[in-house]
Amino acid sequence: MTTEDFYHIILPLRDDLLRYALKLTSGSPDADDLVQETMLRLWDMHPRLGSGDNLRALAVTMVRNRFYDSQRHSQHSRALTPADDRAVDDRRAEQRDEVRLIHIIVDHLPPLQQRLFRMKEIEGYTAEEIMAITGCSPDALRKNLSRARMKIRQEYINIMQQGDSRK
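My aim in this report is to walk through the structure given alongside it, one point at a time. (Residues numbered from 1 in each chain as written. Predicted model: local features only at pLDDT ≥ 70, side-chain atom pairs only at ≥ 80, totals over all residues. Heavy atoms only, no water.)

## Topic: a nonpolar patch on the surface
Using the following cut-off: Residues enter a patch when their relative accessible area is above 30% and they make no salt bridge; the linking distance is 9 Å between like charges and 5 Å between nonpolar side chains (Val, Leu, Ile, Met, Phe, Trp, Tyr). Here the accessible surface of atoms and residues is derived via Shrake-Rupley with a 1.4 Å probe, and residues count as covered only by protein chains that are part of the display. By definition, a salt bridge exists where a carboxyl oxygen of Asp or Glu is found within 4 Å of a side-chain nitrogen of Lys or Arg. Only DSSP runs of H or I covering at least 4 residues are called helices, and only runs of E covering at least 2 are called strands; the numbering of each starts at the N terminus. The rule is simple: take the accessible area with a 1.4 Å probe, protein chains only, and divide by the maximum for that residue type; under 20% is buried, over 50% is exposed, in between is partly exposed.
A cluster of nonpolar residues, Y7, L11 and W43, forms a patch on the protein surface that exposes about 290 Å² of accessible area. With respect to the helices, strands and loops of the structure, W43 is situated in helix α3 (residues 30-45). Judged by relative accessible area, which is 33%, W43 ranks as partly exposed.

## Details of the nonpolar core
Generally speaking, nonpolar side chains in soluble globular proteins are found buried as a group. To be explicit about the condition: The nonpolar core is taken to be a set of buried Ala, Val, Leu, Ile, Met, Phe, Trp, Tyr and Cys residues, with the residues joined through side-chain atoms within 4.5 Å. Contacts: residue pairs with any heavy atoms within 4.5 Å of one another.
Counting residues in each nonpolar core, the largest one holds 19 residues, and the members touching the most others are M1, I10, L17, A21, M39, L42 and L49. Among all residues touching A21, those that are not within four sequence positions of it are A31, L34, V35 and V63. Within the second largest apolar cluster, 7 residues are counted, among which are L101, I105, V106 and A148.

## Structural notes on the packing of helix α2 (residues 14-24) against α3
Helix-helix packing: each pair is described by the crossing angle between the helix axes and the interaxial distance. Note the threshold: Here, axes are lines fitted to C-alpha atoms. For helices the fit covers the stretch in contact, and angles between N-to-C directions go from 0 to 180 degrees. In these notes the angle categories are as follows: under 35 degrees is roughly parallel, over 145 is roughly antiparallel, 65 to 115 is roughly perpendicular, and the rest is oblique. Left-handed is the label given to a crossing in which the near helix is rotated counterclockwise from the far helix by less than a right angle, and right-handed is the label when the rotation is clockwise.
Two elements in contact, α2 and α3, have axes separated by 8 Å at closest approach and are oriented at 135°. One way to sum up the angle between α2 and α3 is to call them oblique. Remark: the crossing between α2 and α3 carries right-handed chirality. Of α3, the residues touching α2 (which contributes R14, L17, L18, A21 and L22) are A31, D32, L34, V35, Q36 and M39.

## Quick notes on the pattern of salt bridges
Oppositely charged side chains can form a pair if their charged atoms are brought close together. In total, this model carries 11 salt bridges according to the counting rule given. One salt bridge connects E37 with R66, and the closest N-O pair in it is separated by 2.3 Å. In this pair, E37 sits in helix α3 while R66 sits in helix α4 (residues 55-79), placing the two residues 29 residues apart along the sequence. Owing to a relative accessible area of 30%, E37 belongs among the partly exposed residues under this scheme. We note a salt bridge from R91 to E98, for which the minimum N-O separation is 3.9 Å. Members of the salt-bridge network, linked through shared partners, are D16, R19 and R56.

In short, geometric facts, not functional conclusions.
Right under this line is the structure:
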């Protein structure tokens, strides 16, 4: 379809499409957006369209499908309420607080346990790399990491229980 055909065949359909969209949307201002999006999509398709095609039916179908898509989208958006967003934000804040608390607990470990724990759990070194850097034996590394984890776990539980008893 040429540009001139588009102007002579498709553009005059705009008023009919707008009436149909207004009927679908019950007079909502979104009707004009539906028609505008349909016209843009038809314009993008115009080189592939033939003048013998039933272009009015195609345009009406496109408006209707776009309306149904927008309805599905709005139903999905309504399902996610601002309360859900706040809950997600609250959970992220709690996680940041928990990470800060763990870092504070790690800061109070004995120096060797602190160093080994940071290398293994925070910096991601392998056991072999840690042993090569620190000169620890495998048993010493395992025992110090185990003690550090137990101390962190116990301190975390104690702090959380204190927080719960204050409520």
